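Structural characterization, general
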Amino acid sequence: MSSALTDLFPHPIVQAPMAGGVAVPQLAAAVSEAGGLGFLAAGYKTADGMYQEIKQLRGLTGRPFGVNLFMPQPEYADPAAVEVYANQLAGEAAWYETELGDPDSGRDDGYDAKLAVLLDNPVPVASFHFGVPTRDVLDSLARAGTLTMVTATTAEEALAVQRAGAAAVVVQGVEAGGHQGTHRDNPETDGTGIGLLSLIAQVRETVQIPIVAAGGIMRGSQIAAVLAAGAGAAQLGTAFLATPESGANAVHKQALTNPLFVRTELTRAFSGRPARGLVNRFLREHGPYAPAAYPEVHHLTSPLRKAAAQAGDAQGMALWAGQGHRMARELPAGQLVEVLKAELADSKTALSALPESPEGGAGR
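Residues numbered from 1 in each chain as written. Predicted model: local features only at pLDDT ≥ 70, side-chain atom pairs only at ≥ 80, totals over all residues. Heavy atoms only, no water.

**Looking at the overall build of the chain**
- Helix and strand counts for the chain come out as 15 helices and 11 strands.
- Taking 21 Å as the expected radius of gyration for a compact globule of 364 residues, we find that the chain reaches 20 Å, a close match to that expectation.
- Taking the principal axes of the C-alpha coordinates as reference, the chain spans close to 65 × 45 × 40 Å.
- Of all 364 residues assigned to the chain, the portion counted as buried reaches 54%.
- Pairs at least 24 residues apart make up 69% of the contacts formed inside the chain by residues separated by at least 6 positions.
- Carbon and sulfur atoms form 52% of the exposed surface of the chain, whose accessible area is close to 15,100 Å².
- Here the chain holds 26 positive side-chain charges and 36 negative ones, and the gap between their average locations is 5 Å. (Helix = DSSP H or I, 4+ residues; strand = E, 2+ residues; numbered from the N terminus. Rg over C-alpha atoms; globule rule 2.2 N^0.38 Å. Buried < 20%, exposed > 50% of the residue type's maximum accessible area, 1.4 Å probe, protein only. Contact = heavy atoms within 4.5 Å. Areas by Shrake-Rupley, 256 points an atom, 1.4 Å probe, with all protein chains shown as cover. Lys, Arg positive; Asp, Glu negative; His and termini not counted. Charge placed at Lys NZ, Arg CZ, Asp CG, Glu CD.)

**Details of the pairing of strand 9 (residues 233-236)**
- Burial of strand 9 is two-sided: the residues A233 and Q235 facing one way and the residues A234 and L236 facing the other way are all buried.
- In terms of strand pairing, strand 1 (residues 13-15) meets strand 9 through three bridges, oriented parallel. Among the inter-strand pairings, I13 is bridged to a residue of strand 9, identified as A234.
- Both strand 8 (residues 211-214) and strand 9 contribute to a ladder of three bridges, which runs parallel. If you follow V212 over to strand 9, its bridge partner there is A233.
- After leaving strand 8, the chain enters helix 10 (residues 220-229) and then returns to the sheet as strand 9, a path that is right-handed. (Pairing = 2+ DSSP bridges. Right-handed = clockwise from strand over helix to strand, strands pointing away.)

**Looking at the nonpolar core**
- By size, the foremost hydrophobic cluster in this structure holds 101 residues, and its most contacted members are V67, F128 and F240.
- Once you skip the residues sitting within four places of it in the chain, F240 turns out to touch I13, Q15, M18, L27, V31, S246, A333, L336, V337 and L340.
- In terms of nonpolar packing, the next biggest core, distinct from the first, is built from 14 residues, F9, V125, A168 and A214 among them. (Core = buried A, V, L, I, M, F, W, Y, C linked by side-chain atoms within 4.5 Å.)

**Quick word on the packing of helix 2 (residues 25-33) against helix 3 (residues 47-60)**
- Helix 3 packs onto helix 2 with a crossing angle of 40° between their chain directions and a minimal axis gap of 9 Å. Taken together, the axis directions place helix 2 and helix 3 in an arrangement best described as oblique. Helix 3 is crossed by helix 2, and the crossing has right-handed handedness. Across the interface between the two elements, P25, Q26, A28, A29 and E33 from helix 2 touch E53, Q56, L57 and L60 from helix 3.
- Of the residues contributing to the contact of helix 2 with helix 3, the split by class is five nonpolar, two polar and two charged. (Axes fitted to C-alpha atoms, helices over the stretch in contact; angles between N-to-C directions. Parallel < 35°, antiparallel > 145°, perpendicular 65-115°, else oblique. Left-handed = near helix turned anticlockwise from the far one by under 90°. Nonpolar A, V, L, I, M, F, W, Y, C, P; charged D, E, K, R; others polar.)

**Focus on the sheet that holds strand 10 (residues 264-267)**
- Strand order in the open sheet formed by three strands is 7-11-10, and the pairing between neighbours is antiparallel. Taken across any chain shown, the strands that pair with only one partner, and hence form the sheet edges, are strand 7 (178-179) and strand 10.
- Judged from the four bridges that link them, strand 10 and strand 11 (residues 275-278) form a sheet pairing that is antiparallel. By the bridge assignment for strand 11, T267 is matched with A275.

**Focus: the pairing of strand 4 (residues 125-129)**
- Most of strand 4 sits out of view: five of its five residues are buried.
- Residues V125, S127 and H129 of strand 4 are buried on one face, and the alternating residues A126 and F128, pointing to the opposite face, are buried as well.
- As judged from the four bridges shared by strand 4 and strand 5 (residues 147-152), these two strands associate in the parallel manner. Bridge pairing in strand 5 links S127 to M149.
- Regarding the hand of the β-α-β motif, the stretch spanning strand 4, helix 7 (residues 135-143) and strand 5 is right-handed.

**Points about the side chain of K114**
- Tracing the sequence through the fold places K114 in helix 6 (residues 111-120).
- Residues within four places of K114 in sequence aside, it is in contact with A42, G43, Y44, K45, T46, A47, M50, L69 and D109.

**Quick look at the environment of V169**
- Mapped onto the secondary structure, V169 falls in strand 6 (residues 168-172).
- The exposure class of V169 is buried, given its relative accessible area of 0%.
- Along the chain, V169 and Q310 lie 141 residues apart, while their C-alpha atoms are 37 Å from each other.
- Setting aside residues no more than four positions away along its own chain, V169 makes contact with V150, A152, A158, V161, V203, I209, P210, I211 and V212.

In structure tokens form, the structure reads like this:
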């Protein structure tokens, strides 16, 4: 890992920038204060909303932090498919006594305005999801003193990240909760995601830039595993979702370890893009029919998800979670970082104590 990045946070623990109100300033501050790298999620916020959260976070900590942006999406959704899905969701709207959202509410998530804010008020780290910024954008942020990271879900995407000039690549395995950060949403690749350890190995042989590993990481022993595989740090989302500082809905937090929710699936049901969440009624009933249409479907279902959350109905919410969700711990975020650090140290000690085999490797 480049010293420029690791110098920012003494422990190889990055809090994932979970959008939708989860990665709030209180959470990011607690993680950064504990020696990790806290993150704000600018996705689904206005540029001013992002700026206000940055100001709030700076009032809570003087330590480095990051801000994550969503890339603008190309127009390739089929309007007719979106209309058919809207008709299918009419019963949900009636049940929750709300209207469906406008699928044409915008495609760029205020990207240019948010970039302008970050260039005028530079932050230590900026990361990007759903694609790769241009080299001009990454170079401009670098000149402003901001280190940049971009999500990749394949070795080919990681190579595109390196070629664009990012300082690091966030390698996201299929185990990860929430949206897969694929650079192009291709329905033909649904179900072909790569597990994190295999993906790290492929990316390490493809690029030279530092790797931050993301996907289902819940314990310090797993951090040790991805570091041994070639990552310089681990990014954890679901592990921090259950903390009291997280802005996640209480129903969402409780669902992580609720025996009613036994598994996760990648689904397009809530947003039109593959995202991993706990399997609930909405996902089961609508997932098979949801079109590849992001952010149209996200806008369409937004009022439904909000109404379900207000009603405390976990069966109608987007319960984003990684495959390790049952291992969630309801610890304060700073304490969780300390526990992860101790588990990581124990794992390193255990590995160093393994006997050497005659060939020079660790014995079984």
